[in-house]
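# Structure assessment
Here is how the chains run, residue by residue.
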Amino acid sequence: MENYAEFKVTVKGASSHGSAPHLGKDAVMAASSIVLNLQTYASRVNNPLSPFTLCVGKVRGGLRFNIVAGDATLEGFMCSFSHELPEDAEEEFKQIVCSTAAALGCSTEIEITRSYRQDAAAQKGEQA
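In this text, all values refer to a predicted model and were calculated from it rather than measured experimentally. (Residues numbered from 1 in each chain as written. Predicted model: local features only at pLDDT ≥ 70, side-chain atom pairs only at ≥ 80, totals over all residues. Heavy atoms only, no water.)

## A word on the overall build of the chain
Looking only at helices and strands, the chain features three helices and six strands. Listing every helix and strand of the chain by position from the N terminus yields β-β-α-β-β-β-α-β-α. In the chain, buried positions account for 33% of the 128 residues. Sequence separation of 24 or more characterises 74% of the internal contacts of the chain that already satisfy a separation of 6 or more. (Helix = DSSP H or I, 4+ residues; strand = E, 2+ residues; numbered from the N terminus. Buried < 20%, exposed > 50% of the residue type's maximum accessible area, 1.4 Å probe, protein only. Contact = heavy atoms within 4.5 Å.)

## A look at helix α2 (residues 89–103)
Given a rise of 1.5 Å per residue, 15 residues ought to cover 21 Å, and the 21 Å separating the end C-alpha atoms of α2 matches this to within 8%. Three or more residues of α2 are buried, namely Ala89, Glu90, Phe93, Ile96, Val97, Thr100 and Ala101. Taken down its axis, α2 places every buried residue within 130° of arc, on the same side. Exposed residues lying more than 90 degrees from the buried face of α2 are Glu91, Gln95, Ala102 and Ala103. (Expected span 1.5 Å × (residues − 1). Arc of directions from axis to C-beta.)

## Things to note about the side chain of Thr100
Within the secondary structure, Thr100 sits in helix α2. A polar side-chain atom of Thr100 sits 3.0 Å from a polar atom in the side chain of Asn37. In this structure the side chain of Thr100 is engaged in a polar contact, spanning 2.7 Å, whose partner is the backbone oxygen of Ile96. (Polar contact = N/O pair within 3.5 Å; in protein donor to acceptor, adjacent residues only side chain to side chain.)

## Quick word on helix α1 (residues 27–45)
Taking 1.5 Å per residue, 19 residues should reach 27 Å; α1 reaches 25 Å between its end C-alpha atoms and fits that length. Backbone nitrogen of Val28 and a side-chain oxygen of the N-cap are separated by 3.0 Å at the start of α1; the cap is Asp26.

## Considering the packing of aromatic side chains
Centre-to-centre distance and the angle between the planes together describe a pair of aromatic rings. Throughout the structure, instances matching the rule amount to three aromatic pairs. Ring geometry for Tyr4 versus Phe77: centroids 5.5 Å apart, planes at 25°, classification stacked. Of this pair, Tyr4 sits in strand β1 (residues 2–12) while Phe77 is found in strand β5 (residues 71–80), placing the two residues 73 residues apart along the sequence. For the pair Phe7 and Phe93, a centre-to-centre distance of 4.7 Å together with 50° between the ring planes defines the contact as tilted. One end of the pair, Phe7, is in strand β1; the other, Phe93, is in helix α2, with 86 residues separating them in the sequence. Neither residue differs from the other here; Phe7 and Phe93 are each classed as buried. (Phe/Tyr/Trp six-rings, centres within 6.5 Å; stacked < 30°, edge-to-face > 60°.)

Interpretation note: all reported values are geometric properties and have no functional meaning in isolation.
In structure tokens, the structure reads:
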């Protein structure tokens, strides 16, 4: 059994023309920074003796190549191969997302859906 949680993060900024980026709040830049900071948590803050994976598999943002993006979304999952996610993983996740966005003048909406999934080896054993 693994503990599994899917997430969707919506980053809200403010659009502006690319020639005047200082007039906007770049949601794509904030989303990119969030991805980097989440990966740092997974690889450098989490205890390596407590296996934990965090994957941002989908990033979407912007309307045109010459416009500072006002919105961006990130989707992915986090899981551990024990019965629990690391005790503070969800709280740390929210803290990283919110503080990173806020530092760049953006806000966020976070959706986390928890579930438990059977290990692939266990599923094969049950089918035999």
